[in-house]
Amino acid sequence: MDIKQIIKQAQDKNTSSEILAQLAISKDKITRQYIASNPNTPIKLLKKLSQEFPEESMSNPVFDLLLIEESDNAWIKLTLAQSSTPPIETLVKLSKCDDYGIRAAVAGNSITPLSVLDSLLARADSKRFPARIFGVIAQNPNTTAEMLDKIVRAGGGFCVPVYDAILENPKVSIATLERLANHQSVSIEDKVFKHPKITENFLKRLSFSSYSNVREVVAEHQKTSYSAIYRLTKDSSERVRLKIAQRQSITREIIEILAQDSSEMIRACIANHKYLPPKIISNLAQDSSEAVRACVANHKHLPAKTISNLADDSSDEVRYQITSRKNLPPEIISNLAQDNCENVRRQIACHQDIAEHITNALANDSSQEVRYHIALNRDISVKIANKLAQDSSETVRCQVACRQNISDATANILAQDSSEKVRCQIAGNRFISEKIANILARDNSEYVRRQLVINHYSHEFTHPKLLINQNVSTRTLEILLKKSQESNYSQLPHDIDLNSPDLKFSQDYPITAIYDLETRRDIARHPQATFEILDRLKSDRY
């Protein structure tokens, strides 16, 4: 049956109650609407449909009979209260009903007189839980600005649904908004401060609030006038003054006031401002607070004299912040490279284009961290790299082995390192020459030899995948192949599955053999593998 036939049945006064009950399940609104007005609709179903279609339910002839027979029925009263056509006298009577839902329906009815809304408001105010009635009245299009103000004064404005309904009502007054805003628990995120009726004068009045959090919001608000901001710079609350200091654009006059504030946090905040007058920078650079001076040291626009003074500061943190700056004068870099603070020297080691004697001093530093960071520096000379390649720290030597611009001399030192980890790192470096690769291909460690063939990862779809090193020469592959034949890889079963999670290594399945077997398989797949190499690999059982 199509929708047109269903609607026709729902309209037909001869349709039985049973069929109407079945049709009421329909998702089609028009169908349900016609069922609500059909005289054959069962009472139980009519009660249910009256919540969605009060007008159609009231127009149903059955409703008139029920009105006579069951005038005190709660469902009858609720349907009348929701209807847009009942007599005013009926709404007045229903507004005095003890049933909460019926009074709420009257409060939300668009034809309810103002006098009835006022009486409902007064009655709700006397109840313990008035929020529902307050919310419905606030949503009623006939509610006046005075009524909205009464709701707020009664305390209803601080229940979220009521609060939202008041703000969404176009009749809400400035006075009511001010009551909502001037509260000890408000914040800048509250909807009242985003209301289109908020003006400079509104915020100026709130700047006199006895609540410090309200004054904080005013200090932060974009529409706050200059006069209000100026007065709040002298506010008794540190948090209010801090909100002023955190504003993106403040005048020079306000900067000068806050730069002399008693609060270290506020002065530090001012020191972080993008554009500061030279006089303010100079004064803050001599501030008694280490935190303030550290913020100044990090400022983008500092005079050379101020940088020089801060580089000699007694505070490690201030000097560290100075070392974070780019293009420091050579004499300052030279002095800081000899600093007593390890963090300062470490930061200097990260600078590019520093003099050879400074990098040499840092390469001989007592701190491993400093030496490690000088090894990270891409601008160090071959001489310095060679020195670091013989460092006492394995971590430092490993970092040298990772360098992209590594020389043959440095790589040769590392290729003969006593640490297998260091030799693995240099074998995994894609920038080493064929000469160094050939030395490493003869290494006694199967881990080192394997790193020559597979030396980097591809992180696709969060699963690391080993990739074959394309830079290995044919000669290196030949040496690797010959070296792998010296191991006991041939003892492995010919059907061994290297990817099996259940694979366990024992004396029968030594890890050295596994690594050499994997190396041979990768040689077979390598683009530099010649026909001669492939012929030699054909004899493998794997």
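Thresholds, definitions, all that
Residues numbered from 1 in each chain as written. Predicted model: local features only at pLDDT ≥ 70, side-chain atom pairs only at ≥ 80, totals over all residues. Heavy atoms only, no water. Helix = DSSP H or I, 4+ residues; strand = E, 2+ residues; numbered from the N terminus. Contact = heavy atoms within 4.5 Å. Buried < 20%, exposed > 50% of the residue type's maximum accessible area, 1.4 Å probe, protein only. Polar contact = N/O pair within 3.5 Å; in protein donor to acceptor, adjacent residues only side chain to side chain. Axes fitted to C-alpha atoms, helices over the stretch in contact; angles between N-to-C directions. Parallel < 35°, antiparallel > 145°, perpendicular 65-115°, else oblique. Left-handed = near helix turned anticlockwise from the far one by under 90°. Core = buried A, V, L, I, M, F, W, Y, C linked by side-chain atoms within 4.5 Å. Phe/Tyr/Trp six-rings, centres within 6.5 Å; stacked < 30°, edge-to-face > 60°. Lys NZ or Arg CZ within 6 Å of the ring centre and 35° of its normal. Salt bridge = Lys/Arg side-chain N within 4 Å of Asp/Glu carboxyl O.

### Topic: the overall build of the chain
Then comes step 1: Secondary structure assignment for the chain yields 37 helices and two strands.
Then comes step 2: Sequence separation of at least 24 residues holds for 50% of the intrachain contacts in the chain that already meet a minimum separation of 6.

### Side note on unusual backbone geometry
Then comes step 1: Despite not being glycine, N327 has its phi angle at roughly 55°, a positive value.
Then comes step 2: The residue N327 is located in the loop between α24 (316-323) and α25 (330-336) in this model.
Then comes step 3: With phi around 60°, D353 is a residue other than glycine that occupies positive phi space.
Then comes step 4: Mapped onto the elements, D353 comes out in the loop between α26 (342-349) and α27 (356-363).

### A few points about the environment of I454
Then comes step 1: Looking at where I454 falls in the secondary structure, it is placed in strand β1 (residues 454-460).
Then comes step 2: What makes I454 buried here is its relative accessible area of 6%.
Then comes step 3: With 26 residues separating them in the primary sequence, I454 and G428 have C-alpha atoms 7.5 Å apart.

### Considering helix α9 (residues 100-107)
Residues that lie three or four places apart on an α-helix share one face, since the helix turns once every 3.6 residues.
Then comes step 1: With seven of its eight residues buried, α9 lies for the most part within the structure.
Then comes step 2: Of the residues flanking the start of α9, the one acting as N-cap is D99, its side-chain oxygen 2.9 Å from the backbone nitrogen of G101.

### Looking at the environment of S59
Then comes step 1: Here S59 is to be found in helix α5 (residues 54-59).
Then comes step 2: Once the C-alpha coordinates of S59 and P39 are considered, the two residues, 20 residues apart in sequence, prove to be 9.5 Å apart.

### Here we look at the packing of helix α1 (residues 3-11) against helix α3 (residues 29-37)
Then comes step 1: Between α1 and α3, the shortest axis-to-axis distance is 8 Å and the interhelical angle comes to 15°. The orientation of α1 relative to α3 falls into the category roughly parallel. Handedness of the crossing formed by α1 with α3: left-handed. On α3, the residues touching I3, I6, I7, A10 and Q11 of α1 are I30, T31, Y34 and I35.

### Here we look at the environment of I280
Then comes step 1: Topologically, I280 is positioned in helix α21 (residues 278-284).
Then comes step 2: Residues I280 and E256, spaced 24 residues apart in sequence, show a C-alpha to C-alpha distance of 7.0 Å.
Then comes step 3: When neighbours within four sequence positions are excluded, I280 is seen to be in contact with I255, E256 and A259.

### A few points about the nonpolar core
Among soluble globular proteins, nonpolar side chains are generally buried collectively.
Then comes step 1: Core analysis: the largest hydrophobic core is formed by 122 residues, its most contacted members being I166, I270, L284, L362, L388, I432 and L440.
Then comes step 2: If near-sequence neighbours (up to four positions away) are discounted, I432 is found in contact with I406, A411, I426, A427, A437, L440 and L452.
Then comes step 3: Residues A10, L23, I35 and L49 belong to the second largest nonpolar core, which totals 10 residues.

### Some thoughts on the packing of aromatic side chains
Then comes step 1: Counted by the stated rule, this structure contains one aromatic pair.
Then comes step 2: An angle of 35° between the planes, with centres 6.1 Å apart, marks the rings of Y226 and Y230 as tilted. Placement of both Y226 and Y230 in helix α17 (residues 226-232) is noted, with a separation of four residues, approximately one turn of the helix.
Then comes step 3: The partly exposed category is assigned to Y226, whose relative accessible area is 38%.
Then comes step 4: A cation sits over an aromatic face here: R231 above F208, 3.7 Å from the ring centre.

### Quick look at α24
Then comes step 1: Looking only at α24, the buried set comprises V318, R319, Q321, I322 and T323.
Then comes step 2: Elements that come into contact with the buried residues of α24 comprise α22 (290-297), α23 (304-311), α25 and α26.
Then comes step 3: The backbone nitrogen of E317 has a side-chain oxygen 3.2 Å away, supplied by the residue at the start of α24, namely S315.

### Digging into the pattern of salt bridges
If charged atoms from side chains of opposite charge come close, those side chains can pair.
Then comes step 1: If you walk through the whole model with that rule in mind, you get 21 salt bridges.
Then comes step 2: A salt bridge links D149 to R179, with the nearest nitrogen and oxygen atoms 2.9 Å apart. Residue D149 is found in helix α12 (residues 145-153), and its partner R179 is found in helix α14 (residues 174-181); the two are separated by 30 residues along the sequence.
Then comes step 3: On the basis of relative accessibility, which here comes to 38%, the residue R179 falls in the partly exposed class.
Then comes step 4: E178 is the partner of R205 in a salt bridge, and the nearest nitrogen-oxygen pair spans 2.9 Å.

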